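# Structure assessment
Chain by chain, the residues run as shown.
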Amino acid sequence: MKLTTAFLQRYLSSAIDPRTMIDAMPRAALEVEVEVPLADALRDVRVGFVRERTAIEGAANMFATRVDLGDKVIDVLASGEYPVGIGRGVPVALAGTTLPGGKKVAAGKFHGVASEGMICADGEMGLITADGAGGVQTWADESLIGKSVGELLALPDIWAELKVLPNRPDCLGVLGIAREIAALFGLAVVRPPAELPPAGGGAAVPVEIAEPLLCRRFTAAAFDGVRVAGSPAWLKSVLLTAGMRPINNVVDVTNFVMYETGQPMHAFDRSKLAGGRIVVRRLAAGESLPLLSGRTVGDKHGQPLVVADAEKPQGLAGIMGGKTAETTAKTTQVLLEVAHFDPVHVRGNVKTLRRLDGEGGTDASYRFERGVDPNEMLDYARARAMSLLHTLAGAALTAPPTDVYPVPVERARFKVDPVRVSRLIGVEVDAARVRSALPPLGYEVAGDLSVSVPTHRVDVNDEVVIAEDIARMIDFDNIPTRPLAGTATRGQTSPADAARQRAAAFLVQCGWYETKNDPLESAKAAAWLGEPPPALVLANAASAEMAALRRSLLTGLVASAQRNIFRAEPSVRLFEIDRVFGGPDVQQYHISGICGGLAHAADWRSSAATDLFVLKGVLEDLLEALGVADVVARPTERKPYRAGNAAEFSAAGQSIGHFGEIDTAVLKIERQPYKLFAFELGLEAVIAARRSGIVYRPVSKLPSVQRDLAIVAVDGVSCGDLCDAIRASGGAALDAIRVVDEYRGAPVAAGSRSIALRLTFRDPSRTLTTEEVTGIVEKITAALADRYAATLRA
């Protein structure tokens, strides 16, 4: 919001010092981003007397002037809409001068005529022209030639640019700012008169709201006899000061009232509206809407809300009007729209326009996105605009305005507890203070301290915001500083948090790097997961690549591995611990990782590559560190792993995760120089499988006995199957089994392999004899032959 203290003063019942007014802005929840005393800002603008004035051929209403500044005479272009007469002094800014609004004057040529500066209108200098004035300061006394306009006018006012926070859209109008300032200083807000013009006896404009959730209220007023022309100087001055470009009296009225009240509105050329009716609906498939900006909204923009006539859309609701029904110099019939549109829908449409067309927001959408008042301020803004159209454009109201308001927005109500408010803001507050502090801000306070919130305060959603308003009225400087006091609490870590921290620490110690990827993925990104749960697709996704909540951590890890490969990393060891989403109410933590390349990248003596068993060993150690005992790995067939090179982990009969070699036919990774392996564990399943406690077993003082067996088994029998059979038949004396080697080739038959196993036997109470161990081994070999037709290699 750009304004001057002089203009804001017009809306206050008593005068306030400009410096005091600016200093009070933070208490009104407004940040002053730029403040410029007008006297200083206009110091380089000088009084120059017009010596010559010549019309420019081919440029209507433009003149070439010769302006005398005392020390030199310069050529300056001038517009005929302002009173620039020969022999009169005018404010002149030389090229290079910066005006209060930030505009920098530049030299140039127009229709071949050079200009070395600019004759400044009041609005361009931050001045508000009085009603009936010409819009440009003039002087007759030639002794003033060359004088500084800033020193000459000695203006006490300040031009300011205010940052209105997103939660306070009610301050996106001058009246909203005046309301806050008036409340702080105990003043009243002065609203300009807004008398409705007399209505004719014609029929009201029919209005249909097809999407009542997206358009809460829509009003339409029809006018005849409209005379579209230039705006009066005072109106142009206000718009220029606010940083808006004057266009014509009809458009300027809508912009001025929006600036004044914060309520956007739009004027259609009513003669170009088919059927004489308005329908607020979504854009239909195959329809297009040319906008005033030159862009066209169509199917690629989805189905945004539009304001349509009986045949076609005529405006993009809450954002911009259409080109077809634009108000021009030939317009004599106007339809004034003043409405309330859903902030979320407008915000989504602006984002879509910005993504597809590079630009999307307007002054109107900026306000609608944050929320406008559908009640009191809309009523006043409509009446104010209708009154000004009648006064400035001769508009005659054909019939009473149409007002469609299916479900009125009611005031929110909260019960204020003075004790809680006192605790929140740090100063004693009683019921009387509550009753005196809130009404100036528009609240209504009942005897039981039940507070009714005005609908222009869209940010008030609980008692805490009301407490903040009470603190603002007390003045933060009047709240004493007190030392903070609190009760120390004992921290506690949940089992899930402890497991996440332990898993991350273990993998980092093993040389893995933790990553954090975006929880969003393409809706099709997890097609390689086999049969994943249905994707939770976002309704307003920023892009197709971030359209759904992830169903596996591997989607992000694969992308991270790809970036490492592109950077020629000799190895990849990445993991992530985070949530995946299986449904609207299903969120689970997973531990997932991807690895490949050198198994020991930092060891110059080793060139061994990471393989499936390196990963299996890391995972077995990880699960042991997490307290999971008796983990079993079984072969499995599932995407995205290569057939025959994947396994599923289970414990206590429940699956806890899977791992394997990534199948390049399923997951395409560009320029992949080495095999990649991945895993994914369910954290909740891992926690459920943990043993209840650690059981201590003393180290045996008795010697062990080892026997090596070379077992020949067909390929369909896994090493795990053999080990299970050996444990079942080995009895209590079998202490450990270790896989030593695997061999394929002659004399082992094709389709079979020889697996070398080292068995360790031990009895905690005595030394085993050779005969006892031999008997156990024979029992084991018999069991293997009986169950899997496995034999000892000759």
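In short, a report on the structure. (Residues numbered from 1 in each chain as written. Predicted model: local features only at pLDDT ≥ 70, side-chain atom pairs only at ≥ 80, totals over all residues. Heavy atoms only, no water.)

## Some words on the environment of Asp 475
Mapped onto the elements, Asp 475 comes out in the loop between helix H13 (463–474) and helix H14 (495–509). Overall, Asp 475 belongs to the buried group, its relative accessible area being 15%. There is a polar contact of 3.5 Å between the side chain of Asp 475 and the side chain of Arg 27. (Helix = DSSP H or I, 4+ residues; strand = E, 2+ residues; numbered from the N terminus. Buried < 20%, exposed > 50% of the residue type's maximum accessible area, 1.4 Å probe, protein only. Polar contact = N/O pair within 3.5 Å; in protein donor to acceptor, adjacent residues only side chain to side chain.)

## Some words on the packing of aromatic side chains
One pass over the structure, following the stated rule, counts six aromatic pairs. For the ring pair Phe 7 and Tyr 259, a centre distance of 6.0 Å and an interplane angle of 20° mean the geometry is stacked. Placement of the pair is Phe 7 in helix H1 (residues 5–9) and Tyr 259 in helix H7 (residues 249–261), with a sequence separation of 252 residues. Tyr 259 matches Phe 7 in its accessibility class, with the two residues each being buried. Here a set of aromatic residues connected by ring pairs shows up, and it is made of Phe 7, Tyr 11 and Tyr 259. Between Arg 500 and the ring centre of Tyr 589, over which it is positioned, the NZ or CZ distance is 4.1 Å. (Phe/Tyr/Trp six-rings, centres within 6.5 Å; stacked < 30°, edge-to-face > 60°. Lys NZ or Arg CZ within 6 Å of the ring centre and 35° of its normal.)

## Some words on the packing of helix H6 (residues 233–241) against H7
One can describe the packing of H6 onto H7 by two numbers: an axis separation of 10 Å at closest approach and a directional angle of 55°. What the angle tells us is that H6 and H7 run oblique. Of the two possible hands of crossing, H6 and H7 adopt the one that is left-handed. Along the contact surface, H6 presents Trp 234, Leu 235, Val 238 and Leu 239, while H7 presents Asp 252, Val 253, Asn 255, Phe 256 and Tyr 259. Of the residues contributing to the contact of H6 with H7, the split by class is seven nonpolar, one polar and one charged. (Axes fitted to C-alpha atoms, helices over the stretch in contact; angles between N-to-C directions. Parallel < 35°, antiparallel > 145°, perpendicular 65-115°, else oblique. Left-handed = near helix turned anticlockwise from the far one by under 90°. Contact = heavy atoms within 4.5 Å. Nonpolar A, V, L, I, M, F, W, Y, C, P; charged D, E, K, R; others polar.)

## Quick look at the pattern of salt bridges
Pairs can form between side chains of opposite charge once their charged atoms are near each other. All told, the structure shown has 47 salt bridges when counted by the stated rule. Between Arg 66 and Asp 75 there is a salt bridge; the shortest N-O distance is 2.8 Å. Put simply, Glu 326 and Lys 323 hold a salt bridge, and the shortest N to O gap is 3.1 Å. Sharing partners across several salt bridges, the network here consists of Arg 168, Asp 170, Arg 179, Glu 180, Arg 457, Asp 459, Asp 469 and Arg 472. (Salt bridge = Lys/Arg side-chain N within 4 Å of Asp/Glu carboxyl O.)

## Some remarks on the pairing of strand S33 (residues 654–662)
Here is the key point about a regular strand: its side chains alternate between the two faces of the sheet. Where burial is concerned, most of S33 is hidden: seven out of the nine residues are buried. Strand direction decides the pairing type here: strand S32 (residues 641–651) and S33, joined by seven bridges, are antiparallel. Looking at S33, one finds that Ala 646 is bridged to Gly 660. Pairing of S33 with strand S34 (residues 676–682) involves five bridges; the strand directions are antiparallel. Along S34, the bridge assignment pairs His 658 with Glu 680. (Pairing = 2+ DSSP bridges.)

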